[in-house]
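Structural features, examined
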Amino acid sequence: MMRHISYRRAVGRRQFIGFAGALTMFSFLPGCGRRLPTYRYRMTVEVETPEGLKTGSSVIEVRTTNSPAFPGPEAGGTRTRVKGEAVIVDLGEAGLLFALLRGQSGDVDAAGFYAADTLLGIRMNTGSAEDRREKIRRLMAVERKGEIRPNRYPMLVRFRDIDDPTTVERVDPDNLAASFGEGYRLRRITVAITDDRVSEGIEERLDWLGTTVTGYLDGAFSGGGPELSNILDTTAFRRGD
């Protein structure tokens, strides 16, 4: 009996050591869990109005880390973290137009891929760790400005009452006149790599941001709509550490 118990303990000890060794090997896999170069880009929204061209811009930072190699939806890919704020275009008496940190379809990761998709026409989250590092190096070296394709635009919104987050409404990029009146038209949305500081201060326009709103814009902690205020949360307007 004692011999049987000793054997089980020995097997258990070897299994533990083997598992610990696997974890140690995993922790030293090339590029595993390592941060790739961080970059910033400026997104600029241009709107034609009866008073002339109006623009707004925001500097957004993208930090990319190689994700663990364990099985899962991000296995072998990357984790992307965005820091920055939505673009605000002040249209005067017509109100404010916001270009959010998410895609038109609601894609919350869109803001992390606009620069690479627009300036290089590539997917950043594919290939080996070194491939992704090289893509970022190439991206950071691009000096020209690029236009985001209309089918890749960020979600555009406005508020009927800027002091009430539940009054948020979608804006059709092909028909700004429906939201702001005759003579308003989206000209283009561009991105460009920059060394400028990440934008701050959106709470000066949205004083409820981070104070009166928790969870979704309607105050609920579970979302899904159908109202836009129950689909969007504060991360659509501001993200950071």
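Keep in mind that this is a model prediction, so the values were computed, not measured.

In the sheet, strand β4 (residues 87–90) pairs with strand β5 (residues 96–103) via four bridges, with the strands oriented antiparallel. Its bridge partner being in β5, Val 89 is matched across the sheet by Leu 97. The antiparallel pairing of β4 with β5 creates a hairpin that spans five residues between the two strands, and Gly 92 there sits at a positive phi of about 70°.

Our focus in this paragraph is the sheet that holds strand β8 (residues 168–170). Spatial strand order, β4-β5-β7-β8: four strands in an open sheet with antiparallel pairing. For this open sheet the edge positions go to β4 and β8, each flanked by a neighbour on one side alone. Averaged over all neighbouring strand pairs, the angle between strand axes comes to 30°, with direction disregarded. As judged from the three bridges shared by strand β7 (residues 154–159) and β8, these two strands associate in the antiparallel manner. Directly across from Arg 158, in β8, lies its bridge partner Glu 169.

Within strand β1 (residues 39–49), eight of the 11 residues are buried, leaving the element largely enclosed by the surrounding structure. When β1 meets strand β2 (residues 52–66), the two strands line up antiparallel, connected through 11 bridges. Among the inter-strand pairings, Met 43 is bridged to a residue of β2, identified as Ser 58. Counting the residues in the hairpin turn of β1 and β2 gives two residues. Relative to strand β9 (residues 185–193), β1 is paired through eight bridges, and the arrangement is antiparallel. Looking across to β9, one finds that Val 45 is bridged to Ile 189.

Scanning the entire structure with this criterion turns up six aromatic pairs. With 5.6 Å between their ring centres and 85° between their planes, Phe 98 and Phe 159 make a pair best called edge-to-face. With Phe 98 in strand β5 and Phe 159 in strand β7, this residue pair connects regions lying 61 residues apart in the sequence. In this structure Phe 98 comes out as buried when scored by relative accessible area, which is 0%. For Phe 159, a relative accessible area of 8% corresponds to the buried category. Taking the centre distance of 5.6 Å and the plane angle of 65° together, the rings of Phe 159 and Trp 208 count as edge-to-face. Of this pair, Phe 159 sits in strand β7 while Trp 208 is found in the loop between β9 and β10 (238–239), placing the two residues 49 residues apart along the sequence. Owing to a relative accessible area of 2%, Trp 208 belongs among the buried residues under this scheme. Linked through ring pairs, Phe 98, Phe 159, Trp 208 and Phe 237 together constitute an aromatic cluster. Stacked on the ring of Phe 180, the Lys or Arg Arg 158 has its end atom at 5.9 Å from the ring centre.

Moving on: unusual backbone geometry. Gly 225 connects to Pro 226 through a cis peptide bond whose omega is 10°. Positionally, Pro 226 belongs in the loop between β9 and β10.

Moving on: the nonpolar core. Generally speaking, a soluble globular protein has its nonpolar side chains buried in company with each other. Tyr 41, Val 45 and Leu 97 are the most contacted members of the largest nonpolar core, which has 37 residues in total. If you list the elements that add at least two residues to this core, you get β1, β2, β4, β5, α2 (114–119), α3 (129–141) and β9. In terms of residue count, β1 provides more of this core than any other element does, five residues in total. Not counting the four nearest positions on each side in its chain, Leu 97 is found in contact with Val 45, Val 47, Val 87, Ile 88, Val 89, Leu 91, Leu 156, Val 157, Val 171, Leu 176 and Phe 180. In this structure, Phe 98, Phe 159, Val 168 and Ile 202 belong to the second largest nonpolar core, which totals 18 residues.

Analysis parameters
- Residues numbered from 1 in each chain as written.
- Predicted model: local features only at pLDDT ≥ 70, side-chain atom pairs only at ≥ 80, totals over all residues.
- Heavy atoms only, no water.
- Pairing = 2+ DSSP bridges.
- Helix = DSSP H or I, 4+ residues; strand = E, 2+ residues; numbered from the N terminus.
- Axes fitted to C-alpha atoms, helices over the stretch in contact; angles between N-to-C directions.
- Buried < 20%, exposed > 50% of the residue type's maximum accessible area, 1.4 Å probe, protein only.
- Phe/Tyr/Trp six-rings, centres within 6.5 Å; stacked < 30°, edge-to-face > 60°.
- Lys NZ or Arg CZ within 6 Å of the ring centre and 35° of its normal.
- Core = buried A, V, L, I, M, F, W, Y, C linked by side-chain atoms within 4.5 Å.
- Contact = heavy atoms within 4.5 Å.

That is the geometry; function is a separate question.
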